[in-house]
Amino acid sequence: MAGRINDDDVKAVRDAVPIDSVVSEYLQLRNAGGGNLKGLCPFHDEKSPSFQVSPSKGLFHCFGCQEGGDTIAFVMKIDHLSFSETVERLAAKAGITLRYEEGGYNPGHQRGERIRLIEAHKFAADYYAGQLDSPEAEIGRRFLAERGFDRAAAAHFGVGYSPAGWDHLTRFLRGKGFSDKELILSGLSQDGRRGPIDRFRGRLMWPIRDVGGEIVGFGARRLREDDNGPKYLNTPETPVYKKSQVLYGIDLAKKEIAKSSRAVVVEGYTDVMACHLAGVTTAIATCGTAFGGDHIKILRRLLMDNGSARVIFTFDGDAAGQKAALRAFEDDQKFAAETYIAIAPDGMDPCELRLAKGDEAVVELAEPRTPLFEFALRQIVDRYDLDTPAGQAAALNEAAPVVAKLKDPSVRQRVAVKLAGLLGIMEDQFVVRRVSQISQWQRGKGDAPRPVRQRTYDDVRAPAAVAGPALNLRSPAHRTERELLKLALQQPELVSPFFDAYGVDEFTAPPYAAVRQCIHDAGGADGAPADYVDAVLEAAPDDTVRALVRELVVEAIFVAKGVDEVYAATQLVAVRLRAVDRRIDQLTAALKRLGHTHPDQVTAAQQELYVLQQYKVALQSHGAAAL
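A few points on the structure.

The rules we used
Residues numbered from 1 in each chain as written. Predicted model: local features only at pLDDT ≥ 70, side-chain atom pairs only at ≥ 80, totals over all residues. Heavy atoms only, no water. Pairing = 2+ DSSP bridges. Helix = DSSP H or I, 4+ residues; strand = E, 2+ residues; numbered from the N terminus. Axes fitted to C-alpha atoms, helices over the stretch in contact; angles between N-to-C directions. Buried < 20%, exposed > 50% of the residue type's maximum accessible area, 1.4 Å probe, protein only. Right-handed = clockwise from strand over helix to strand, strands pointing away. Parallel < 35°, antiparallel > 145°, perpendicular 65-115°, else oblique. Contact = heavy atoms within 4.5 Å. Nonpolar A, V, L, I, M, F, W, Y, C, P; charged D, E, K, R; others polar. Salt bridge = Lys/Arg side-chain N within 4 Å of Asp/Glu carboxyl O.

Once that is clear, we can look at the sheet that holds strand E10 (residues 215–222). Strands sit in the order E6-E9-E10-E11 across an open sheet of four strands; the sheet is antiparallel. Pairing within the sheet leaves two strands with one partner each, and these edge strands are strand E6 (160–162) and strand E11 (232–234). Pairwise comparison of adjacent strand axes, ignoring direction, gives a mean angle of 35° for this sheet. In this structure, strand E9 (residues 203–209) lies alongside E10, joined through seven bridges in antiparallel fashion. Considered in E10, the bridge of Met205 is made with Ala220.

Structure (structure tokens):
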């Protein structure tokens, strides 16, 4: 065992390594006033910064979780190191040689486990980088060149080559004083028939660094057809490498991510290289696993969760990329940042795009355009024929549970309204209610929802909406429809002849749509005979609708100064304007769905949209005269 580190040396380490420079390697710090800095605490989840650093005092403290201490305490906590390991690590950073009270200088083999494993990876990275110049590595150099990476690019990212022999690296590291146990534990070697052998053989090697810049693992790319291993082979889980907690390129990207409040998430090592070389220096990638909650925590600390933060995903446009987008969408709410997705033309990844169209195309790709939630929902709804009620219902049944998982009610409602537009459902509140019902059921606060059936949402004879929250027929959203129906039943002459031209679909509440249908079936409001109400009651399909008709016949019309043509015209225009707005939204959604495909349908939709927009202006300017 090594002796205790000299107290004077410990103090020298504390003084030599500023706490703010160490902490800023893990999270973004901003001015907190009084000479202090603040950021999002790395030791617990929080939405507003309660973690503060005092550079002058060399201390940190979190007012949320009460963690605090000096530079050494911070590194011990965040990297799970012992006291001596931490001091040794910081001393190496500061160039300080440590003295030990019992036994002089600390021999390398006596150092802490993490320090030893990190040192082994550093030696391995240097070894692999040197091997990239060997004759055997010609296949690796050719692989890089074919993807637009020269030797300078390889050196910048530390790319190397692992020889094809059984134990070249193992023997090299043994020569550096590492034991077989340490080599197995590091993941650099694995058990063979006659002892440890190299884990990576005959592959192109990318060193993977943690947010502090330490090499903790490797990603290895297959180069030869006779290599029966996977295309990419990563370091296994070790005491220093957890694949769900590392992001390739984070060491190079963290400063720019913090500065610009933007991060670009790509899918592979060569994509990160292509982005950085093209000027998108905020690019990072996961290492053999899906983008998840631990990765989000890393980015949140750098992005600082300010309102302008952006995260752009560049998943491939194939089935795997679509699946990855859906997974990312489910984690979307864990960000305070806005999330977007970018897909290159022809489904190219950033590396392919740079080769085909140059650096500017990569920069253009990384600009935020399509919100992630919109892309994720499109992947669902585009599989259905949305021109049919059955297709709309089936798409809603699949998409609504995805939206319902969003925890923030305001975000959930906003996305539900967007889903209604993508589906072409005119009554967006139906979709909002549907999503809300499923959300309550998912949280164990409601009954399991029944699947939506064909035309459930626009079946005009349905006396109420599908199972879910009760429909409030007196809500502001439906009050105008209710008033117009009361006028049509009580004083039909005031709304004639316009009312009879109103379609059933202009009444968004299904019970009101059912009453409108009854009036139509009874002969309409224009020129209504003396037994007009009786005829409407006779046309009702069931007792529930008949009860609503009677209710509307006897209820007072909601106006203070008497019912007249002006009041009736106001209700007619209000209902028609809402219907026009819904159709405009539907056409806009249809145009978004169609994109650049089906030019004939696009032209027809654009023409109808133009006519409706002009009609809306006329209604707003001239009122009932424009009906």
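In terms of residue burial, strand E12 (residues 262–266) counts as a mostly covered element, since four of its five residues are buried. Relative to strand E14 (residues 310–313), E12 is paired through four bridges, and the arrangement is parallel. Across the sheet, the residue bridging to Ala263 is Val311, located in E14. Where E12 and strand E13 (residues 283–285) come together, three bridges link them in parallel fashion. Its bridge partner being in E13, Val266 is matched across the sheet by Ala285. In this fold, the crossover linking E12 to E13 by way of helix H11 (residues 269–278) has right-handed handedness.

Contact pair helix H22 (residues 510–521) / helix H24 (residues 543–554): the axes reach a minimum separation of 10 Å and the direction vectors enclose 85°. As summarised for this structure, H22 and H24 are arranged roughly perpendicular, according to the angle between their axes. Residue-level inspection shows Pro511, Tyr512, Ala514, Val515 and Cys518 of H22 in contact with H24, the latter providing Val545, Leu548, Val549 and Leu552. In terms of residue class, the contact of H22 with H24 is built from nine nonpolar, no polar and no charged.

Here the focus is the sheet that holds strand E2 (residues 36–39). A sheet is described by the order of its strands in space; here five strands give the open sequence E1-E2-E3-E4-E5, paired in antiparallel fashion. What marks the edges here is a single partner per strand, and that holds for strand E1 (30–33) and strand E5 (68–70). This sheet shows a mean twist of 25° between the axes of neighbouring strands, independent of strand direction. Here three bridges tie E2 to strand E3 (residues 51–54), and the two strands are oriented antiparallel to one another. Across the sheet, Lys38 pairs through a bridge with Gln52, a residue of E3. With respect to the sheet, helix H3 (residues 71–79) is in contact with E3, strand E4 (59–62) and E5, its orientation differing from that of E5 by roughly 120°.

Counted according to the given criterion, the structure contains 34 salt bridges. A salt bridge links Asp7 to Arg4, with the shortest nitrogen-to-oxygen separation between them at 2.7 Å. For Arg4, a relative accessible area of 48% translates into the label partly exposed. Here Glu182 and Arg116 are joined by a salt bridge, their closest N and O atoms 2.9 Å apart. Here Arg116 lies in helix H5 (residues 113–131) and Glu182 lies in helix H9 (residues 180–186), a separation of 66 residues in the sequence. Of the two residues examined, Glu182 and Arg116, each falls in the buried class. Sharing partners across several salt bridges, the network here consists of Arg482, Glu483, Lys486, Glu551 and Glu555.

Glancing now at H11. Buried residues dominate H11, accounting for nine of its ten residues. Residues of H11 that are buried: Tyr269, Thr270, Asp271, Val272, Met273, Ala274, Cys275, His276 and Ala278. Note on H11: the residue one or two positions beyond its end, Gly279, has a positive phi of about 110°.

Attention now moves to unusual backbone geometry. In this structure, Pro497 follows Ser496 across a cis peptide bond, with omega equal to 5°. For Pro497, the location among the structural elements is in the loop between helix H21 (492–495) and H22. Located in the positive-phi region is Gln66, a residue other than glycine, with phi close to 70°. Mapped onto the elements, Gln66 comes out in the loop between E4 and E5.

Any link to function would need more than the numbers given here.
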